[in-house]
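Survey of secondary and tertiary structure
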Amino acid sequence: METKLKSKALDEFIQVASTIANPEIQKWKDNGGKIMGYFCSAMPSELITAAGMLPFRLRATGSTGTELSDSYFSSINCTFPRHAFNMALKGDFDFIDGLVIFNSCDHIRRVYDHWIRQLDTPFVKILSLPKKSGAQQVEWFRSELAILRENMETQFGVKITDDKLKEAIKIHNESRRLLRELYELRKSDNPPITGAQTMAVTVASTAMPPERYNQLLKELLDDVKRAEGNTDYRARLMILGGELDNPEFLKVIEDLGALVVTDSVCFGSRLLWKDVDESIDDPLTALAQYQVNERPSCARMFTEYEKRAEYVHSMLSDFKADGAIFARLTFCEVWGFEQYSMINDFKEWDIPLLCIDHEYTLSGVGQLRTRVQAFLETMGK
Amino acid sequence: MDEKKERSLSRIREELAMYEPVVELLKLEPGEMGHLQLPIVENIVEQHKGTIECVEEGKTFLASQFTNPVEILTAMDVHWYFHIQQLFAASGSGGGLHTDEDLEGADKLNIPRDCCTLIRLGHYLQVAGLYPIPTAYLSITEPCDSIAGWHAAFMHHPDWRNIPVFAPDPPYHTDERAIDYYARQMREMVDFITEHTGQTLDMDRLRETVEETNKGYALWMEYNEIRRSSPTPHSYTLPLSCFFQINTLGAGDPKKTLWYKDIVADAERRVKENKPEFPNQKIRVFWYDIQPFYFGEIVSWLEQEWGGVIAMDMVSYCPYELIDTSTEDSMFQGLAKRAFQHGPMVHQGRGLAENVIYDITRIVKDYKIDCVIFPGHMGHKDMAASSSIMRETCRELGVPFLYIGLDVADHRYTTADEIKDRISQFFTAMGLG
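Note on numbering: residues in each chain are counted from 1, in written sequence order. Numbering of ligands from 1 and lettering of chains from A proceed in the order in which they are written. Whole-chain, interface and lining totals are the exception, using all residues; otherwise, since this is a predicted model, local features are given only for residues with pLDDT of at least 70 and side-chain atom pairs are given and counted only at 80 or more.

**Quick notes on the overall build of chain A**
Helix and strand counts for chain A come out as 14 helices and 8 strands. The principal-axis extents of the C-alpha atoms in chain A amount to approximately 60 × 45 × 40 Å. When each of the 381 residues of chain A is scored for burial, the buried share is 57%. Restricting to contacts in chain A with at least 6 residues of sequence separation, those with at least 24 account for 74%. Every helix listed is a DSSP run of H or I at least four residues long, and every strand listed is a run of E at least two residues long, numbered separately from the N terminus. Think of it as a crowd count around each C-beta: if 20 or more other C-beta atoms lie within 10 Å the residue is buried, if 12 or fewer it is exposed, and in between it is partly exposed, with C-beta placed from the backbone throughout. Contacts here follow a simple rule: the backbone-placed C-beta atoms of the two residues must lie within 7 Å.

If you want it as C-alpha cells, here you go:
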C-alpha cells in the first residue's frame, strides 16, 4: 500500500524499529547512561526509568542466522530466542548493562540459563511471572518487583524511590495515552496510518528514552491528524498473536492491498490499551496489578482466555475489521492452543481468520503473500 | 444414563474388560512377579469401577492431574480420576486398539502439529467426549507451555466451560517464599473442593495419609538405592510403577505401603542371589525423559540386543524428600513442594537448568551410568533448549550423551526402528556393549 503519511517523527520511529543499536541508544550511552535490557511485555519499564536507566526490549531485528546459538538451542525451539541469543553471542547487545528475563515461555526462560553461562552481562535476573490473574498473584509479582528493585539499587548504586516510580508511571502512561490516540485515528473509514507504520511506532516505544519518545509521538500525532487517509485498501484486517516486532511482516500484507487497522500482539495494543493506575498509593502494587490483572493478557495467562476473546472481538468491532490474521511463531505452544480456540470463536462470530505459522525472520515472504492473497480473495475482497 | 455419559465411560469400560481377566489370571497364576503386578492392575480396576459408579449414580467426583496432592483428595474422601491417565492406558493411545484412530483424530483438530502430541491427544479425547465430566476439576498448569495453553483451550470447550475448575499457579523459584505461595494455593484448593463436593478436610486424617505415603516414599527411596547395584534387579515396568502406585486412588492406604515393602524385598533378594529380572546386563542407561507409549518395544530390544538396562529414568527418580507432618503448615509446605518441584517432568521442565545438572550428576555418579539418553520428546521444548547443558554436564562427568528427538505419543514422528538405529550407532561409536 502506498503510504500518504509524511512525517519526520515517523521516519525516526521507523529507523529505531529497524535497528538494534539505534542513534538514541548511542546518544544515551555517550552521555554515560546505563541501559537495562529485558524480554517480554511483562517488564514494568517504569522500574527501569525510575532507576535513571533506559529500558530496552530485546529483539532480533536484522538477524540473519543462528549459527552460534544453534549450539545451545535445538531445532524444535522458537526462532525468536535462537536469533536473539545468536545476536547476544555476537556482541550485538553488549551495550546493555543488565538484563531481566521472565519465565515467559519454555524457550525464553532457557535464554536465561544460557545467558548466565555464556555471557558476562553483570546483572541478569529471572523473575517469576504468574500465569494466572488474582489477588495472590498480584501480591506475588509485587514481591518479585520489590526484590528486583532492591537488586538494581545495589548493583547500580541508585535509589528507586516511590516518588521516582510514580513519576515514571506518569511518563509511561503518557506514552500509552498518546498511542491510544494514534490507534483511535485508525478506527476511521480512511485511517491515515498503516499497520506497518503503527508497528514501527509501538516497537520504538521499547527502544528509546520515554520522554523523547513522547515528544516525537506528539509530533507524529499532529502529522497523522493532518494526513490524508488511506482509501484504496481491499480489506481492513486485525493481526493477532504473540511476539511480532517486524513492521515488514505487516508491510507484506499491506502491499497486497489490505490495511491492518488494529492488533492484539506483544508489541502492539496489549502494551498500551490500559494505563497503570496512578491512584494506587504503592507504585509497585500498581505495577504488579497492571501486569497481572489489568492489561490485556497474553496466551500464557491460562485463566484469561474468555477475556482475551472478548478483547479481540471488541477490537474487531471497534476498528471495523473485515477479518484477521493470526500470526504464530512456529513451535510456540501457548499461542498454538490459543489459535485453536480462536479458530472456533471466529467461526462462531462468522469472521474470516487466516492462521500463519512463521519464523522470526521474514523468510517465507512468497508463501505469506500467496496465503494472504488467497485469504483476501476468499473474503471477496 | 444419557449417550454422552455412556460415551465418556466407553474407554474406561474397555480397559476394565481388559484388566479384570488379568486380575483373575494373576491370582490363579501369579508366577514369580505376580504379587508385585497384581496390586497395580487391581488399583486400575478399582479406580475405574469407582469412576463408573460415580457417573452412573450421579455421585460427586473430581478429575485431577498428577501434580495435585493425592493425600488431600484421599483425606477428603472424594473420588477422582487422573485426567492424563486416560491417555496412557484407557484410550488405547499407548499402543492399543485406538492408537491410530486417536492420533488421526488429534491431527484433525486445528492445533498446530508442532505442539505436544500428548496434549493434542488429550484434547482430542475431550473433543471426542471420552472424559467423564466431573463435578469439579483440579487442573495442572506446569511444567510446560503446552499444559498452560491446553488449560485455556480445555476450559473453553462447551461441555467443560461451566465445570468449576481450580488451577494452581506454580512459581518459577524454589525458595521458601515460593513454597509458601504454592502452599497457600493448596489450602485454596481444599476450600474449592469443599465448596463443590461438600467434603471437608480433617487435619488428623491428612496427617495419617501423609505419614502413610511418607512410608511409601521412604521405601521407594530405599528401592532406588537398591537399584544402584549392578546388575540392577528389575527391568523397567516395576520402577515406573512406583510413581503410579503412590499417586493414585488409595494413596495413604497401608496396602500400598505393603506393595513398596514387597518390591524392596524382591529387589533385595534378587541382588543377594544375583538373579536380576533381566540377566546379562552390559550397559547401564539413564533414560532422561518420560517413556514413550511404545517403550516396551524399545526396552525389550535394548535388553536383548545390547544388554542395555534402564538403570534409572526420570519418572522413577522423583522422591526427593519426605514431608514433615509435625504441623499443619509443614504438611502443606511439604505437599506444595512435592507438587510443584518434585514431580517427574515438573522437576526437570519447570525450573532452572540447575535441576537438570543436579539430576544428571547425581544419577550418573550414584547409578554407575554408562550413558545418558535424552529421548527429547517433541513437546518438551524447554528440555530441548537445555540439551546443550545436559551434554556439557555429561562431558564433564565423562559419560556419553545421546539426544534422539522423538514423540512419546506418536510412533510415526521417529519410528521405533529409527530410534533403535540411533541407539545402536551411538553404542557402537562410544564402544559400549
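**Thoughts on the domain arrangement of chain B**
All names here are of chain B. Boundaries of every domain are those given by an automatic assignment or by a domain database. Here chain B is partitioned into domain 1 (3–197) and domain 2 (203–430). Once you take the C-alpha centre of each, domain 1 and domain 2 turn out to be 21 Å apart. Each side of the interface is counted separately: domain 1 has 39 residues, and domain 2 has 44 residues. For the side of domain 1 that touches domain 2, the secondary-structure elements that each account for two or more residues are α3 (34–57), α4 (70–75), α7 (117–127) and α9 (176–197). No other element matches the 8 residues that α3 contributes to the side of domain 1 that touches domain 2.

**Observations concerning the packing of helix α8 (residues 195–204) of chain A against helix α10 (residues 247–254) of chain A**
All names here are of chain A. To get an axis, fit a line to the C-alpha atoms, keeping to the stretch in contact for a helix; angles then go from 0 to 180 degrees between the N-to-C directions. The interhelical angle for the contact between α8 and α10, taken along N-to-C directions, is 170°, at an axis separation of 8 Å. The orientation of α8 with respect to α10, classified from their angle, is roughly antiparallel. In contact with Gly195, Ala196, Met199 and Ala200 of α8, α10 contributes Pro247, Leu250, Lys251 and Glu254. The residue classification treats Ala, Val, Leu, Ile, Met, Phe, Trp, Tyr, Cys and Pro as nonpolar and Asp, Glu, Lys and Arg as charged. All others, Gly included, are polar. By residue class, the composition of the contact of α8 with α10 is 5 nonpolar, 1 polar and 2 charged. If an angle is under 35 degrees, it is roughly parallel; if it is over 145, roughly antiparallel; if it lies from 65 to 115, roughly perpendicular; otherwise it is oblique.

**Digging into the nonpolar core**
To form a nonpolar core, buried Ala, Val, Leu, Ile, Met, Phe, Trp, Tyr and Cys residues must be joined through C-beta atoms within 7 Å. In this structure, Ala204(A), Leu237(A), Met238(A), Ile239(A), Phe286(B) and Val372(B) are the most contacted members of the largest nonpolar core, which totals 252 residues. Both domains that furnish three or more residues to this core are identified here as domain 1 (3–197) and domain 2 (203–430) of chain B. The residues touching Met238(A), leaving out its near neighbours within four places in the chain, are Val261(A), Thr262(A), Asp263(A), Met315(A), Leu316(A), Phe319(A), Ala321(A) and Ala324(A).

**Here we look at the environment of Ser229(B)**
Residue and element names in this part refer to chain B. Summarising the element assignment, Ser229 is placed in the loop between α10 (203–226) and α11 (237–246). Overall, Ser229 belongs to the partly exposed group, with 18 C-beta atoms counted inside 10 Å. For the pair Ser229 and Lys255, spaced 26 residues apart in sequence, the C-alpha to C-alpha distance is 27 Å.

**Topic: the sheet that holds strand β2 (residues 79–82) of chain B**
Residue and element names in this part refer to chain B. Here, any two strands with at least 2 DSSP bridges between them count as paired. Reading across from one edge, β2-β1-β3-β4 is the order of the 4 strands in this open sheet, with parallel pairing throughout. With one partner strand each, in any of the chains shown, β2 and β4 (165–166) form the two edges of the open sheet. Bridging between strand β1 (residues 61–64) and β2 involves 4 bridges; their strand directions are parallel. Within β2, the residue paired with Ala63 across the bridge is Tyr81. Relative to the sheet, α3 contacts β1 and β2, its axis offset from that of β2 by approximately 115°.

**Focus: unusual backbone geometry**
The step from Glu142(B) to Pro143(B) runs through a cis peptide bond, and the omega angle for that step is 10°. The topology assignment puts Pro143(B) in the loop between β3 (136–138) and α8 (145–154). With omega at 0°, the peptide bond leading from Ser230(B) into Pro231(B) counts as cis. Checked against the element boundaries, Pro231(B) lands in the loop between α10 and α11. Despite not being glycine, Cys40(A) has its phi angle at roughly 90°, a positive value. With respect to the secondary-structure elements, Cys40(A) resides in the loop between β1 (35–38) and α3 (45–50). Although it is not a glycine, Lys368(B) adopts a positive phi angle of roughly 50°. Position of Lys368(B) among the secondary structure elements: in the loop between α16 (354–366) and β7 (371–374). Residue class for Lys368(B) comes out partly exposed when judged on the 13 C-beta atoms lying within 10 Å of it.

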